[in-house]
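# Examination of the molecular architecture
These are the residues of each chain, in order.
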Amino acid sequence: MTEREELIAYLEADQLVAERSRPLGRATLSRRTAAALWALRIFVIVVGVMVIYTFVASLGS
Amino acid sequence: MTPPPPIVDLPVAGDGTAALPPLSAEDAARSRDRFRVHHARNRGRRWYLLWLLVGPGILVMLGENDGPSMLSYATSGATYGLGFFLPFILVTFAMAVVCQEMCMRVGAVTHRGYGQLVLERFGRLWGWFSAGDLIFTNLVTLIAEFVAIRVGLAYFHLGAGIAAGLGVMLVVFTLSGGRYWRWERIVLGMAVFNGLFLVAALLVKPHWDSVGHAFVTFSPFPHGTFNTLLLLIASTIGATVTPWMIFFQQSASADKGLTPSDVRHGRYDTVGGATLAAVFGCGALVAGAALVGHGGAPGLGGAGFPSALSHVSGATVGTLFALGLIEAGAVAVLTISASTGYAVGECIGAPHSLNNSARGAAAFYGANVGAALVAGAIILIPGVPLLSIALNANVLATVLLPVTLVFMILLANDHELMGQWVNRAWLNRIAVTIVVFIAVCGAAYAIDSFLQVVHLV
């Protein structure tokens, strides 16, 4: 066994850089998960705006 | 010599032999680490195998016992004494174990980082949002780490310039080897000194009956306004579970080369790290509690803790606390900078490994050093409201944390990626409960603070 073969043998096939760089496909989301992600978007926007506003207001005071 | 594992799943060349895939320098470095793991496992050297496989879990937990967290624990102790927040630290680390075990498992099974998986499985919007959220909160947290180093050095009459220079030099030094193993072992060696907070706690000679009573009864419960209580709970959660930990442990597990056969040891690593971090965090709170009846928590965001402890409990305690703050800030600078590098590399699709050279992974190393440089430079600017920035960054990180955790749970339940390693139903129930608890605490504080600012309450 050559040194190169031995080096490869100690790694899992999908552990090699060439394999890890291969993009995966998009996940198939159920309707419930998709709805939950939309709820997450709204949560992030609403609460994020509140925190940023509070921060800016506290700087002013 | 034990033969290596068989070459499996390789493409077949025209002559029927296995066609070897391209092998990069990063692969070669990781393979050498795997060689040692393989031989330790085959020869039944259990303790050596554990030594080889621990790292990301301990680093992420002790990295999160950072300067602001230790000051926050000490402030809780100095303000409220030995009570609710002592056992609450254990609860938050138990929550951290649940979240971080999922990261380790997803990293070991997929060999990919969190940012890369979110980008590929859920699209560019969520991928870039996660990375953007992380980079922003990391940058602000790094500023707080440099402030903690500065507070510790100030006890020895050293200035902000030395704090900034020390932090940046440490980042450059630890990255200079081009090997994950070297980086991990140096940072682990530094993280051991997080135990200084425990030594400080023992030296203040706490009232052990009160410590035991607090752990058993979660009391006395803190007094104060609803907003103050929410802030303390949100900041304690923010001191234990954060977005950078998710990015870091998954990416580091993949970079270290963990595989599904290492998941059991990854769990030991995570639980062991959480146990150490919880004990040392409780140490900071117990040390801080020595100031009850002696003026309580010092002002300026805890900047006077080492001096105050020195006056009340002796110079040794003050010195240990100051050294602990320097260590806590320095280790966090290294781990948080690394998580920034991983996030940037994963999202732009550039090489992102500590097993790669600086030339081979320029974006990864550039983001790593760049984040530390920017944060170090900011603490040198006079008049910047550092404490306000740090406090609000922690709250923003807590508010945005549920987003990171939701994707973590989705990834850990992705059958295509994880196969037999998906979450069990009972784990999902616990994980969802944790996300809801964190979301409610973070949102409640954000909403209450907002309503106060606009004078609606």
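In this report, we go over the structure that sits alongside the text. Predicted model, so just to flag it, every value in this text is computed and none were measured.

### Considerations on the overall build of chain B
When its secondary structure is counted, chain B shows 21 helices and 0 strands. Against the 2.2 N^0.38 benchmark of 23 Å for 457 residues, chain B shows a C-alpha radius of gyration of 22 Å, consistent with a compact globule. Along the three orthogonal principal directions, the C-alpha set of chain B runs to about 80 × 45 × 45 Å. Partitioning the contacts of chain B with sequence separation of at least 6, the portion at a separation of at least 24 is 83%. In the structure as shown, chain B presents an accessible area of about 16,700 Å², 70% of it carried by carbon and sulfur atoms.

### Overview of the nonpolar core
Generally speaking, nonpolar side chains in soluble globular proteins are found buried as a group. Residues and elements named next belong to chain B. Ranked by internal contacts, the top residues of the largest apolar core, which has 142 residues, are Met-61, Trp-183, Phe-248, Phe-321 and Phe-407. Among the elements that make up this core, the one with the highest residue count is helix H17 (residues 315-348) (15 residues). Residues within four places of Met-61 in sequence aside, it is in contact with Phe-93, Ala-96, Val-97, Gln-100, Met-245, Thr-270, Gly-273, Ala-274 and Ala-277. Membership of the second largest hydrophobic core comes to 10 residues, among which are Leu-53, Ala-108, Leu-258 and Val-263.

### A short note on a nonpolar patch on the surface
Residue and element names in this part refer to chain B. A surface patch of nonpolar side chains, amounting to about 370 Å² of accessible area, comprises Phe-156, Leu-158, Ile-162, Leu-166 and Leu-323. Mapped onto the fold, Leu-166 is located in helix H8 (residues 160-175). Exposure remark for Leu-166: the relative accessible area of 33% places this residue in the partly exposed category.

### Considerations on helix H1 (residues 25-42) of chain B
The end-to-end C-alpha separation of H1(B) is 26 Å, in line with the 26 Å expected for 18 residues at 1.5 Å each. Among all positions in H1(B), only B:Glu26, B:Asp27, B:Ala28, B:Ala29, B:Arg30, B:Ser31, B:Asp33, B:Arg34, B:Val37, B:His38, B:His39 and B:Ala40 are buried. Considering only its buried residues, H1(B) is in contact with helix H1 (3-9) and helix H2 (17-20) of chain A together with helix H2 (46-53), helix H9 (180-191) and helix H13 (243-256) of chain B.

### Brief notes about the packing of aromatic side chains
Residues and elements named next belong to chain B. The final tally for this structure, using the stated rule, is 21 aromatic pairs over all chains. Taking 6.2 Å as the distance between ring centres and 35° as the angle between the ring planes, the aromatic pair formed by Tyr-80 and Phe-85 counts as tilted. With respect to burial, Tyr-80 and Phe-85 carry one shared label: buried. Their ring planes at 50° and their centres at 6.0 Å tell us that Trp-183 and Phe-248 sit as a pair that is tilted. Highlighted residues: Trp-183 in helix H9 and Phe-248 in helix H13, separated in sequence by 65 residues. As far as the burial class goes, Trp-183 and Phe-248 line up, both buried.

### Comments concerning the packing of H2(B) against helix H14 (residues 263-289) of chain B
Residues and elements named next belong to chain B. Two elements in contact, H2 and H14, have axes separated by 9 Å at closest approach and are oriented at 70°. In terms of their interaxial angle, H2 and H14 are classed as roughly perpendicular. For H2 against H14, the interelement crossing comes out right-handed. On H14, the residues that touch Leu-49, Leu-50 and Leu-53 of H2 are His-265, Tyr-268 and Asp-269. Considered class by class, the residues forming the contact of H2 with H14 number 4 nonpolar, 1 polar and 1 charged.

### Points about the interface of chain B and chain A
With 63 residues of chain B in contact, the opposing surface of chain A contributes 42 residues. Here chain B and chain A share an interface that buries about 4,600 Å² over both sides, 69% of which is from carbon and sulfur atoms. Inspection of the region where chain B meets chain A yields 1 salt bridge. Run the count over chain B and chain A and you get 15 residue pairs in polar contact (both at pLDDT 80 or more). For the side of chain B that touches chain A, the elements supplying multiple residues, two or more each, are H1, helix H6 (114-122), helix H7 (124-154), helix H19 (386-412), helix H20 (415-418) and helix H21 (425-453) of chain B. The element contributing the most residues to the side of chain B that touches chain A is H19(B), with 11 residues. Each residue belonging to the side of chain B that touches chain A can be placed in one class, and the counts come to 39 nonpolar, 13 polar and 11 charged.

### Notes on the layout of surface pockets
Approximately 460 Å³ is the volume found for the second largest pocket. In terms of lining, the second largest pocket is formed by 16 residues, of which the most central are A:Ala36, B:Val406, B:Ile409, B:Leu410 and B:Val432. Counting residues per element, the ones that place at least two in the lining of the second largest pocket are helix H3 (31-60) of chain A together with H19 and H21 of chain B. Residues of the lining of the second largest pocket, tallied by class, amount to 11 nonpolar, 4 polar and 1 charged.

### A closer look at empty space enclosed by the protein
Residues and elements named next belong to chain B. According to the stated counting rule, one finds 2 cavities of 30 Å³ or more in the structure shown. Roughly 70 Å³ of volume is contained in the second largest cavity. Residue lining of the second largest cavity: Asp-33, Arg-34, Arg-36, Val-37, Leu-52, Leu-53, Tyr-180, Trp-181, Lys-256 and Leu-258, and that is the complete set. Among the elements of the structure, H1, H2 and H9 are those that each provide at least two residues to the lining of the second largest cavity. With 4 residues, the single largest contributor to the lining of the second largest cavity is H1. A class-by-class count of the residues in the lining of the second largest cavity yields 6 nonpolar, no polar and 4 charged.

### Notes on the pattern of salt bridges
Applying the stated criterion to the full structure yields 15 salt bridges over all chains. Note that B:Arg34 and B:Asp262 form a salt bridge whose closest N and O atoms lie 2.8 Å from each other. In this pair, B:Arg34 sits in helix H1 while B:Asp262 sits in the loop between H13 and H14, placing the two residues 228 residues apart along the sequence. The pair formed by B:Arg34 and B:Asp262 is uniform in burial state, with each residue classed as buried. One connected set of salt bridges, linked through shared partners, spans A:Arg20, B:Glu26, B:Arg30 and B:Asp255.

### Comments concerning the side chain of B:Asp27
Relative to the helices and strands, B:Asp27 resides in helix H1. At 4.3 Å, B:Arg30 is the nearest oppositely charged side chain to B:Asp27, a buried residue that forms no salt bridge. Discounting residues that sit within four places of it in the chain, B:Asp27 has contacts with A:Leu11, A:Gln15, A:Leu16, A:Val17 and B:Pro22.

Rules used throughout
- Residues numbered from 1 in each chain as written.
- Chains lettered and ligands numbered in written order.
- Predicted model: local features only at pLDDT ≥ 70, side-chain atom pairs only at ≥ 80, totals over all residues.
- Heavy atoms only, no water.
- Helix = DSSP H or I, 4+ residues; strand = E, 2+ residues; numbered from the N terminus.
- Rg over C-alpha atoms; globule rule 2.2 N^0.38 Å.
- Contact = heavy atoms within 4.5 Å.
- Areas by Shrake-Rupley, 256 points an atom, 1.4 Å probe, with all protein chains shown as cover.
- Core = buried A, V, L, I, M, F, W, Y, C linked by side-chain atoms within 4.5 Å.
- Buried < 20%, exposed > 50% of the residue type's maximum accessible area, 1.4 Å probe, protein only.
- Patch = residues over 30% accessible without salt bridge, like charges linked within 9 Å, V, L, I, M, F, W, Y side chains within 5 Å.
- Salt bridge = Lys/Arg side-chain N within 4 Å of Asp/Glu carboxyl O.
- Expected span 1.5 Å × (residues − 1).
- Phe/Tyr/Trp six-rings, centres within 6.5 Å; stacked < 30°, edge-to-face > 60°.
- Axes fitted to C-alpha atoms, helices over the stretch in contact; angles between N-to-C directions.
- Parallel < 35°, antiparallel > 145°, perpendicular 65-115°, else oblique.
- Left-handed = near helix turned anticlockwise from the far one by under 90°.
- Nonpolar A, V, L, I, M, F, W, Y, C, P; charged D, E, K, R; others polar.
- Buried area = accessible area lost by both parts, 1.4 Å probe.
- Polar contact = N/O pair within 3.5 Å; in protein donor to acceptor, adjacent residues only side chain to side chain.
- 1 Å grid on protein atoms, 1.4 Å probe; cavity = no way out; pocket = protein on both sides within 12 Å on 5 of 7 lines; lining within 4 Å.
- Points joined across faces, edges and corners; volume = space filled by probe spheres on them.
- Lys, Arg positive; Asp, Glu negative; His and termini not counted.

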